[in-house]
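# Residue-level structural notes
One letter stands for each residue in the lines below.
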Amino acid sequence: HNLLRFKGYKNALEENGIELDNSIIYDANAFTKIRGYEVINKVLDENGILPFDAIVAGNDDLALGAIKALKEHGYDVPKDVKVTGFDNILEGQLSNPSLTTVDVDWFKYGVKMGQFALDILNNPDKLDKNYLLIDTTIIERDSTK
């Protein structure tokens, strides 16, 4: 999933005429709070200041860890740095600030996966790679306002 999320991020930048800046892309190598926390601490240790004013995290856990590190370094979220996640976990609704996120209908995705498996068995030559794409909803909360 992480490669598809990153591809979506790059596509959104391109569609809005924004050039991808690889110098501010950080691979956490895991989707955990501790990795989000560690990555932001490392960025701050190496740069002294943040080289960006927003974080688009691969999931909510990474975003929540990043927010903890930012707060410990005296940054105000969202005044100094805006933060978004992905997955709409309950903890993001309850965090301070509450987390802007992308919500996915995982039940609908599961149904599509089941249909996709049946289609592979019945018509493997007629598969559409975009079949598994599903609609998402951006839920704007305090971490980006």
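For clarity, every value in this text was computed on a predicted model and none was experimentally measured.

Definitions and limits used
- Residues numbered from 1 in each chain as written.
- Predicted model: local features only at pLDDT ≥ 70, side-chain atom pairs only at ≥ 80, totals over all residues.
- Heavy atoms only, no water.
- Helix = DSSP H or I, 4+ residues; strand = E, 2+ residues; numbered from the N terminus.
- Buried < 20%, exposed > 50% of the residue type's maximum accessible area, 1.4 Å probe, protein only.
- Areas by Shrake-Rupley, 256 points an atom, 1.4 Å probe, with all protein chains shown as cover.
- Contact = heavy atoms within 4.5 Å.
- Phe/Tyr/Trp six-rings, centres within 6.5 Å; stacked < 30°, edge-to-face > 60°.
- Expected span 1.5 Å × (residues − 1).
- Core = buried A, V, L, I, M, F, W, Y, C linked by side-chain atoms within 4.5 Å.
- Polar contact = N/O pair within 3.5 Å; in protein donor to acceptor, adjacent residues only side chain to side chain.

### Let's talk about the overall build of the chain
Along the chain, the regular secondary structure elements total five helices and four strands. Mapped from its N terminus to its C terminus, the chain presents α and β elements in the order α-α-β-α-β-α-β-α-β. The dimensions of the chain, computed from C-alpha atoms along their principal axes, are 55 × 35 × 25 Å. Here the chain holds 145 residues, and 32% of them are scored as buried. For the chain, the computed accessible surface area is about 9,600 Å², with 53% contributed by carbon and sulfur atoms.

### Observations regarding the environment of I67
Mapped onto the elements of the fold, I67 is located in helix α3 (residues 60-72). Residue class for I67 comes out buried when judged on its relative accessible area of 4%. Taking the C-alpha atoms as reference points, I67 and E19, separated by 48 residues in sequence, lie 25 Å from one another. Ignoring any residue separated from it by four or fewer positions in sequence, one finds I67 in contact with V77, V83, P97, L99 and S143.

### Considering the packing of aromatic side chains
Scanning the model with the defined rule gives three aromatic pairs in all. Ring centres of W106 and Y109 lie 5.6 Å apart, and the angle between their planes is 90 degrees; on these two criteria the pair is classed as edge-to-face. Of the two residues, W106 and Y109 are both situated in helix α5 (residues 106-122); the distance of three residues between them amounts to about one turn of the helix. Judged by its relative accessible area of 18%, Y109 is buried.

### Some words on α3
When the terminal C-alpha atoms of α3 are compared, their 18 Å separation across 13 residues agrees well with the 18 Å that a helix rising 1.5 Å per residue should span. Within the sequence span of α3, burial applies to D60, L62, A63, L64, G65, A66, I67, A69 and L70. Two residues or fewer past α3, G74 is found with a positive phi of approximately 85 degrees.

### Digging into the environment of R141
Mapped onto the elements of the fold, R141 is located in the segment after β4 (136-139). For R141, a relative accessible area of 13% corresponds to the buried category. Residues R141 and V83, 58 residues apart in the sequence, show an inter-C-alpha distance of 9.9 Å. Those residues in contact with R141, other than ones at most four positions away along the chain, are N88, G92, Q93, S98, L99, T100 and T101.

### Some remarks on the nonpolar core
Counting 21 residues, the largest nonpolar core has I40, L50, I55, L70, V81 and V83 as the members making the most contacts within it. For this core, the secondary-structure elements that each account for two or more residues are α2 (33-47) and α3. Considering every element that reaches this core, the biggest residue donor is α3, with seven residues. Here L70 is in contact with I40, L50, I55, Y75, V77, V81 and V83, once residues within four sequence places are set aside.

### Let's talk about α5
Taking 1.5 Å of rise per residue, the 17 residues of α5 would be expected to cover 24 Å, and the 24 Å separating its terminal C-alpha atoms lies within 8% of that figure. Put simply, D105 is the residue that caps the front of α5, since its side-chain oxygen is 3.3 Å from the backbone nitrogen of F107.

### A short note on the side chain of N59
As for its placement among the helices and strands, N59 is situated in the loop between β1 (54-56) and α3. Within polar-contact distance, the side chain of N59 engages the backbone nitrogen of D61 at 3.4 Å. In contact with N59, not counting residues within four places along its chain, are R5, F31, G85, F86 and D87.

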